[in-house]
Amino acid sequence: MDKKKSGSYYTPLRLAEAVANYCLLQLSAGERITVLEPSVGDGSFLSAISSSKNLERFGSVLITAVERNAEELDKAMALPLDPKIEAGGFNMDYLDYHFVEQQLFSLYIGNPPYVKKNLLDDKQKELASLIHAEKGLSNKSINNIWTSFLVSGLGKLDENGILALILPLELLQVKFTEEIRELLKQEFERIEIFTFDELQFQECKGQDTVLLIGYKTHDEAGTFYTNIQSLDELLEQRFEFYQNTALAEKHKKWTHHFISPEDYDFIEQLKIRLEPISHYVHNKPGVVTAANSFFIVNSDTIGQYNLKEFARPILQKGFFVNGSVDFTEQDFAALVAAKKPSYLLDFSNLEREDIAGELSDYIDMGVKLELPTRYKCAMRQPWYQIPNIADAPSAFFFKRAHEYPKLLSNDAQVLVTDSAYMIEMRNGFELNGFIFSFYNSLTLAFAELEGRYYGGGVLELTPNEFRVLPVPYVIPEDFGQYKQDFKNKKSIDELLERYNFSILNTSLGLTQLEIERIESIRKKLVNKRHRN
């Protein structure tokens, strides 16, 4: 919890050295440069600058280090530094520093803390909001404290200044950073994006990171990308930049740079010929229990506490449905037999005066676990009654996936948790046709582009990202055979190879070569997500 509150995931020295060495080479040589490190932590960037071979390009270097943790700041200030470096420290929250000090710097460098908005105190939230407002940004772009460090840095640079920050991959791919990406293009003549195959912060749950470097002025303007397979490439500067003109269009995610402009334009032209998922289906989140381990239980717990009258069948996780496009009564029975949590406790009609015996014991156990004080439970009256439990959906789509997204018909008529979106068909369309049509290389390629991914290669699609995926709607000739082929497949690649042509040729008239090109694009995106 301390890590979550402070966001202090310190930069590995080798990464700091690679970034510092590169940035010092980009600055114009001269008598004196000034550097601001907004979250100095244990001082890895101070050490990296001090040991850089490119320090010789400058007569003197003045470094201003800001750190709210006094003990850590003292450690950083005690580090042995090159004689030409003069370092001064500010023991304060950087959000306060932003408004207190107005000096401009040659280089703004560091690794900002990663703290979600709900863990910030009221003062921090107010200061973050003011920092964003200075650049005309809305509050919706404040989802984490790192965005305020980035936005602040834009105003801390002199006319030739450089910004270099190690940031979450969220910068490139999520909705709340869309405004910030547009702001960066306005503020900098040149932007460089470094993505990494290696995880740089092992302790941060596999958080993927990027290195953003922005130049106030530059002879070669534009937005440039490169992927670093090993830090040696950055340390030794063995990499090549490339541009992706497809990203010049507003609101495009910067993760699209993983494919060429030509390939992106090719699939975009196909997308505009198709209707999105929202044309065919309604979707909404599954059941939000606020405490799955208490409200979703196995058959043993049902028997132990005599809860049968409150038990409703439910599917909790996408992990339980690997390999099929339908979830059957037999599948549910297998989960029950395996003692998986498969029953939702629906106390919606339970009156307080009826709570007695084993039921009272179970409710008391929830109280001892302090469930009534949890935010979502505390909003309920009484806390143990889950609101808005809908009927079992016709199908469900799991929002997170590893090899490929999971869309299944709900033949078992079970409920589903908010790990999935509940699916109902619009009038005029068939569920079997929708499921059959969803699994093609074009739709799955856009799932990679529209979604975002996290450490370990997990793909996630929000409801809005799911709704905009293009679907070449086709009615299958034999859905029963398709279900068997899907279940018996060795990989999703095998299924796509078998059915791509019947879907994409029928709907779009594509040739086999064009379909193979789409599949190649999909594989490239998946391989990037999986670090292959």
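Read on for a plain summary of the structure.

To continue, consider the overall build of the chain. From N to C terminus, the chain includes 22 helices and 22 strands. Here the chain has a C-alpha radius of gyration of 27 Å; the compact-globule value for 532 residues is 24 Å, and the two agree. C-alpha extents for the chain along the principal axes are approximately 75 × 65 × 35 Å. Counting across all 532 residues of the chain, residues that qualify as buried make up 54%. For the chain, long-range pairs separated by at least 24 residues make up 76% of all intrachain contacts whose partners lie at least 6 apart in sequence. Of the roughly 23600 Å² that the chain leaves accessible, carbon and sulfur atoms contribute 47%. Counting 58 positive and 76 negative side-chain charges, the chain places the averaged centre of each group 2 Å from the other.

The next subject is the packing of aromatic side chains. Considering all chains together, one arrives at 40 aromatic pairs under this definition. Geometrically, the ring pair formed by Phe294 and Tyr362 is stacked, given 4.5 Å between the ring centres and 25° between the ring planes. Of the two residues, Phe294 sits in helix H12 (residues 292–295) while Tyr362 sits in helix H15 (residues 357–368), which places them 68 residues apart along the sequence. Given a relative accessible area of 3%, Phe294 falls into the buried group. Chaining the aromatic ring pairs together yields one cluster made of Phe397, Tyr404, Tyr421, Phe436, Phe438, Tyr439, Phe466, Phe479, Tyr482, Phe486 and Tyr499.

Here we have five strands laid out as an open sheet, ordered S10-S19-S15-S17-S13, and mixed in their pairing. Since the sheet does not close on itself, it has two edges, and those belong to strand S10 (281–285) and strand S13 (326–327), each with one partner. In the sheet, S10 pairs with strand S19 (residues 420–425) via five bridges, with the strands oriented antiparallel. Bridged to Asn283 within S19 is Ile423.

For the rest of this paragraph, the subject is the nonpolar core. It is characteristic of soluble globular proteins that their nonpolar side chains tend to be buried jointly. Counting residues in hydrophobic clusters, the biggest one holds 89 residues, and the most contacted among them are Leu150, Leu171, Leu184 and Tyr439. The element best represented in this core is helix H21 (residues 492–508), accounting for seven residues. Setting aside residues no more than four positions away along its own chain, Leu150 makes contact with Leu163, Leu165, Leu167, Leu171, Ile180, Leu184 and Leu212. Listed in part, the 41 residues of the second largest apolar core include Leu307, Ile314, Val321 and Cys377.

Scanning all chains against the criterion turns up 23 salt bridges. With a closest N to O distance of 3.3 Å, Glu187 and Lys216 form a salt bridge. Of this pair, Glu187 sits in helix H9 (residues 178–187) while Lys216 sits in the loop between strand S7 (209–215) and strand S8 (222–228); the two residues are 29 residues apart in sequence, bridging distant segments of the chain. The pair formed by Glu187 and Lys216 is uniform in burial state, with each residue classed as buried. Two residues, Glu192 and Arg190, come together in a salt bridge whose shortest N-O distance is 2.7 Å. Each member of the pair, Glu192 as well as Arg190, carries the same accessibility label: buried. When salt bridges with common partners are traced through the structure, they connect Asp493, Glu519, Arg522 and Lys523 into a single cluster.

This brings us to the side chain of Glu170. Relative to the helices and strands, Glu170 is located in helix H8 (residues 170–173). For the buried residue Glu170, which engages in no salt bridge, the nearest side chain bearing the opposite charge is Arg452, 6.9 Å off. Among the polar contacts listed, one links the side chain of Glu170 to the side chain of Trp146, at a separation of 3.3 Å. Among all residues touching Glu170, those that are not within four sequence positions of it are Tyr114, Trp146, Phe176, Thr177 and Arg181.

This part is about helix H17 (residues 431–438). H17 sits mainly inside the fold: seven of its eight residues count as buried. Every buried residue of H17 is listed here: Leu431, Gly433, Phe434, Ile435, Phe436, Ser437 and Phe438.

As a further point, take the side chain of Glu465. Structurally, the position occupied by Glu465 is in helix H19 (residues 463–467). At 2.6 Å, the side chain of Glu465 and the side chain of Arg452 are in polar contact. Ignoring anything within four residues of it in the chain, the contact list for Glu465 reads Gln173, Lys253, Glu450, Gly451, Arg452 and Glu460.

So, about the sheet that holds strand S2 (residues 58–66). Judged by pairing direction, the sheet is mixed, and its eight strands sit side by side in the order S3-S2-S1-S4-S5-S7-S6-S8 without closing on themselves. The two strands at the open ends of the sheet, each matched to only one other strand, are strand S3 (85–90) and S8. Between one strand and the next, the sheet's axes are offset by a mean angle of 15°, whatever the strand orientation. Lying over the sheet, helix H7 (residues 146–154) contacts strand S4 (105–110), strand S5 (157–168) and S7, oriented at roughly 165° with respect to S5.

A word on a negative patch on the surface. A cluster of acidic residues, Glu309, Glu351, Glu353 and Asp354, forms a negative patch on the protein surface. Following the sequence through the fold, Asp354 ends up in the loop between strand S14 (343–345) and H15.

Take the packing of helix H11 (residues 261–271) against helix H22 (residues 512–530) next. Contact geometry of H11 with H22 gives a least axis separation of 11 Å together with a crossing angle of 115°. Judged by the sense of rotation from one axis to the other, the crossing of H11 with H22 is left-handed. Packed against H11, whose contacting residues are Glu262, Asp263, Phe266, Ile267 and Leu270, the element H22 presents Glu514, Arg517, Ile518 and Ile521 at the interface. Residue classes in the contact of H11 with H22 are distributed as five nonpolar, no polar and four charged.

With respect to the helices and strands, Glu233 occurs in helix H10 (residues 231–235). A relative accessible area of 14% means that Glu233 is categorised as buried. Separated by 215 residues in the primary sequence, Glu233 and Ala18 place their C-alpha atoms 9.1 Å from one another. Here Glu233 is in contact with Asn227, Ile228, Arg238 and Phe239, once residues within four sequence places are set aside. Here Gln229 takes part through its backbone nitrogen, which lies 3.1 Å from a polar atom of the side chain of Glu233.

Excluding glycine, residues mostly have negative phi values, and the peptide bonds linking residues are mostly trans. Of note, the amide linkage connecting Gln381 to Pro382 takes the cis form, showing an omega dihedral of -5°. Considering the arrangement of structural elements, one finds Pro382 in the loop between helix H16 (375–378) and strand S15 (395–398). The phi dihedral of Lys339 falls on the positive side, at around 65°, and the residue is not glycine. With respect to the helices and strands, Lys339 occurs in the loop between helix H14 (329–337) and S14. On the basis of relative accessibility, which here comes to 42%, the residue Lys339 falls in the partly exposed class. With a phi angle near 55°, Asn388 is a residue other than glycine that sits in the positive phi range. If you trace the backbone, Asn388 turns up in the loop between H16 and S15.

Calculation criteria
Residues numbered from 1 in each chain as written. Predicted model: local features only at pLDDT ≥ 70, side-chain atom pairs only at ≥ 80, totals over all residues. Heavy atoms only, no water. Helix = DSSP H or I, 4+ residues; strand = E, 2+ residues; numbered from the N terminus. Rg over C-alpha atoms; globule rule 2.2 N^0.38 Å. Buried < 20%, exposed > 50% of the residue type's maximum accessible area, 1.4 Å probe, protein only. Contact = heavy atoms within 4.5 Å. Areas by Shrake-Rupley, 256 points an atom, 1.4 Å probe, with all protein chains shown as cover. Lys, Arg positive; Asp, Glu negative; His and termini not counted. Charge placed at Lys NZ, Arg CZ, Asp CG, Glu CD. Phe/Tyr/Trp six-rings, centres within 6.5 Å; stacked < 30°, edge-to-face > 60°. Pairing = 2+ DSSP bridges. Core = buried A, V, L, I, M, F, W, Y, C linked by side-chain atoms within 4.5 Å. Salt bridge = Lys/Arg side-chain N within 4 Å of Asp/Glu carboxyl O. Polar contact = N/O pair within 3.5 Å; in protein donor to acceptor, adjacent residues only side chain to side chain. Axes fitted to C-alpha atoms, helices over the stretch in contact; angles between N-to-C directions. Patch = residues over 30% accessible without salt bridge, like charges linked within 9 Å, V, L, I, M, F, W, Y side chains within 5 Å. Left-handed = near helix turned anticlockwise from the far one by under 90°. Nonpolar A, V, L, I, M, F, W, Y, C, P; charged D, E, K, R; others polar.

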